[in-house]
Amino acid sequence: MPDTNGHNGTPAGDGPPGESKLAAVLAEAKAVQARAVEELKTTVKAPAKTDVWKSILRVKHDETPRSRALGVLSNVFLHLHPAKINRDAVAYNYTWGMGGMTFYIYITLVFTGALLMFYYHPSKVIAFRDILYLENDVPFGKLLRNMHRWGAHLMVIMVELHMFRVFLTGSYKKPREFNWVVGVLLLVLTLLLSFTGYLLPDDQLGFWAVTVGTNMARATPLLGHDGPFGPQMGMTAFNDVRFGLLGGSIVDSNALLRAYIWHCVAIPIIASLFMIVHFWRVRKDGGISGPAPMMLESEIKEPKKV
Ligand code: HEM
């Protein structure tokens, strides 16, 4: 019968029983470490070959056009893009990338706006104090505020350039007329976002801009008390469209609260919904309009000689 140390019938080594057990554990740990290093190397070299990757993208991982298309279609994020597109339609010198950049800036504005909400109270006197606090005391507060403010200006410029390129390429024509109309609504919503945001710092600039803007509203035909047929419709300074916008007959605390709710809740929700429709329609109208597809010289096959 072999000599054992009394544990699981393992033969005892030369040294004391505890020492041989320790050696075995150390050897096993070294083997695990070597395996981990080996696996890490493979993961870094070819992440697409790991089980984690394959569990996320559940398609064949070869480079055939079919597998690549399936890879796009079966992924929740990638499926927003078409599986195949005309190469020339997405050329920067055709789209200027303006629609995409407008959307990117919108996302940045939503993100920085949500952070600004942590520091801002839509209340007279306190609002302007919050802005001073943000500018002078909050770490990176000035950067945050300016990212939001300059981003807003940039979005207006981008939307207009996007609209200009759609016009230049005639992309408003059949079958894209409806998407042009959705685009016009997005333009109006973008301008409204800018306008409602302008009052929020409650500084002189915002106060007078909103005073001028809402004074224009009181001259609206039928709905404004100073507009054509307004008085005949029974409009007064206390029930017309300006009163509805301001929540009163002067630019005051109610106007600030209304601007805040329109700016931070209502318009972003409406604009996001219209953007979803806008992108969906781009797909349904056959993708970005684009110039007629062209072939590369290398793609032209010689006709078979018979
Ligand atoms: C918030 C504002 C907007 C966003 C985020 C947006 C986004 C986009 C994106 C990403 C595309 C794909 C092609 C490209 O990038 O150029 C697109 C296409 C289009 N957009 Fe906009 N857009 C906006 C406003 C507008 C406006 C103001 C108009 C016109 C009044 C408009 C009309 C169109 C049309 C007709 C297409 C299809 C163009 C084509 O097929 O070539 N969009 N938009």
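Note that the structure is predicted; figures quoted are calculated from it, not measured.

1. Notes on the overall build of the chain
Alright, step 1. Along its length, the chain carries 11 helices and zero strands.
Alright, step 2. The linear arrangement of helices and strands in the chain, starting from the amino end, is α-α-α-α-α-α-α-α-α-α-α.
Alright, step 3. Radius of gyration (C-alpha) of the chain: 32 Å, far over the 19 Å computed for a compact globule of 306 residues.
Alright, step 4. Reported as C-alpha extents along the three principal axes, the dimensions of the chain are approximately 115 × 80 × 30 Å.
Alright, step 5. In the chain, which comprises 306 residues, the share counted as buried stands at 17%.
Alright, step 6. Considering only contacts within the chain whose residues lie at least 6 apart along the sequence, 56% involve residues at least 24 apart.

2. Observations regarding the nonpolar core
Alright, step 1. Grouped together as the largest cluster of nonpolar side chains are 12 residues: Ala127, Tyr198, Leu199, Leu200, Val210, Leu246, Val251, Ala255, Leu256, Ala259, Tyr260 and Cys264.
Alright, step 2. Among the elements that line this core, the one with the most residues is helix H11 (residues 253-284), at five residues.
Alright, step 3. Setting aside its immediate chain neighbours within four residues, leucine 200 contacts Ala127, Gly206, Ala259, Tyr260 and His263.
Alright, step 4. Among the nonpolar cores identified, the runner-up in size contains nine residues, and Ile105, Tyr106, Met158 and Leu186 belong to it.

3. Here we look at the site of the ligand
Alright, step 1. Contacts to the ligand come from 27 residues, most closely from Gly99, Ser171, Gly183, Leu187 and Ser289.
Alright, step 2. Mapped by element, the contributors of at least two residues to the shell around the ligand are helix H5 (98-116), helix H7 (141-168), helix H8 (177-199) and H11.
Alright, step 3. Looking at the shell around the ligand residue by residue, the class counts come to 14 nonpolar, 12 polar and one charged.

4. Considering the domain arrangement of the chain
A common way to express how large an interface is: the accessible area buried when the components associate.
Alright, step 1. As assigned here, the chain comprises domain 1 (17-49) and domain 2 (85-284).
Alright, step 2. Placing the centre of domain 1 and that of domain 2 at their C-alpha centroids yields a distance of 58 Å.

5. Overview of the environment of alanine 23
Alright, step 1. Secondary-structure assignment places alanine 23 in helix H1 (residues 17-45).
Alright, step 2. The exposed category is assigned to alanine 23, around which 12 C-beta atoms lie within 10 Å.
Alright, step 3. As a C-alpha pair, alanine 23 and threonine 190 span 167 residues in sequence and 70 Å in three-dimensional space.

6. Some remarks on unusual backbone geometry
Alright, step 1. A cis amide bond, omega 5°, links lysine 174 with the succeeding residue proline 175.
Alright, step 2. The residue proline 175 is located in the loop between H7 and H8 in this model.
Alright, step 3. A positive phi angle, near 60°, is found at tryptophan 96, a position not held by glycine.
Alright, step 4. Looking at where tryptophan 96 falls in the secondary structure, it is placed in the loop between helix H4 (92-95) and H5.
Alright, step 5. A residue is classified by how many C-beta atoms lie within 10 Å of it, and tryptophan 96, with 18 of them, is partly exposed.
Alright, step 6. Positioned with a positive phi, leucine 222 is a non-glycine residue whose angle comes to about 70°.
Alright, step 7. Following the sequence through the fold, leucine 222 ends up in the loop between helix H9 (204-217) and helix H10 (241-246).

7. Considerations on the environment of histidine 162
Alright, step 1. Structurally, histidine 162 can be placed in helix H7.
Alright, step 2. Beyond its immediate chain neighbours, meaning those up to four positions away, histidine 162 contacts Met98, Gly99 and Thr102.

8. Points about the confidence of the model for the chain
Parts of the model with low pLDDT should not have their predicted coordinates read in detail.
Alright, step 1. Per-residue pLDDT for the chain averages 89, and the proportion of residues at 70 or more is 92%.
Alright, step 2. In the predicted structure, residues 1-7 sits below a pLDDT of 50 and forms 10 contacts with residues beyond four places in sequence or in another chain.

Criteria and thresholds
Note on numbering: residues in each chain are counted from 1, in written sequence order. For a predicted model such as this one, the threshold for reporting local features is a pLDDT of at least 70, and the threshold for listing and counting side-chain atom pairs is 80 or more; totals across whole chains, interfaces and linings nevertheless cover every residue. In this description a helix means any DSSP run of H or I spanning at least four residues, a strand means any run of E spanning at least two, and both kinds are numbered starting from the N terminus. Every radius of gyration here is taken over C-alpha atoms, with the globule rule written as 2.2 Å times N^0.38, N being the number of residues. Our exposure labels follow a C-beta count within 10 Å of each residue's own C-beta, placed from the backbone: buried means 20 or more other C-beta atoms, exposed means 12 or fewer, and partly exposed covers the counts in between. Contact between two residues is assigned when their C-beta atoms, built from the backbone, lie within 7 Å. To count as a nonpolar core, a set of buried Ala, Val, Leu, Ile, Met, Phe, Trp, Tyr and Cys residues must be joined through C-beta atoms within 7 Å. Put plainly, near means the residue's C-beta atom, positioned from the backbone, lies within 6 Å of the molecule or strand in question. Three classes are used: nonpolar for Ala, Val, Leu, Ile, Met, Phe, Trp, Tyr, Cys and Pro, charged for Asp, Glu, Lys and Arg, and polar for all others, with Gly counted as polar. For the domains described, the bounds stem from an automatic or database domain assignment. The predictor's confidence in any single residue is recorded as pLDDT, a number from 0 to 100.

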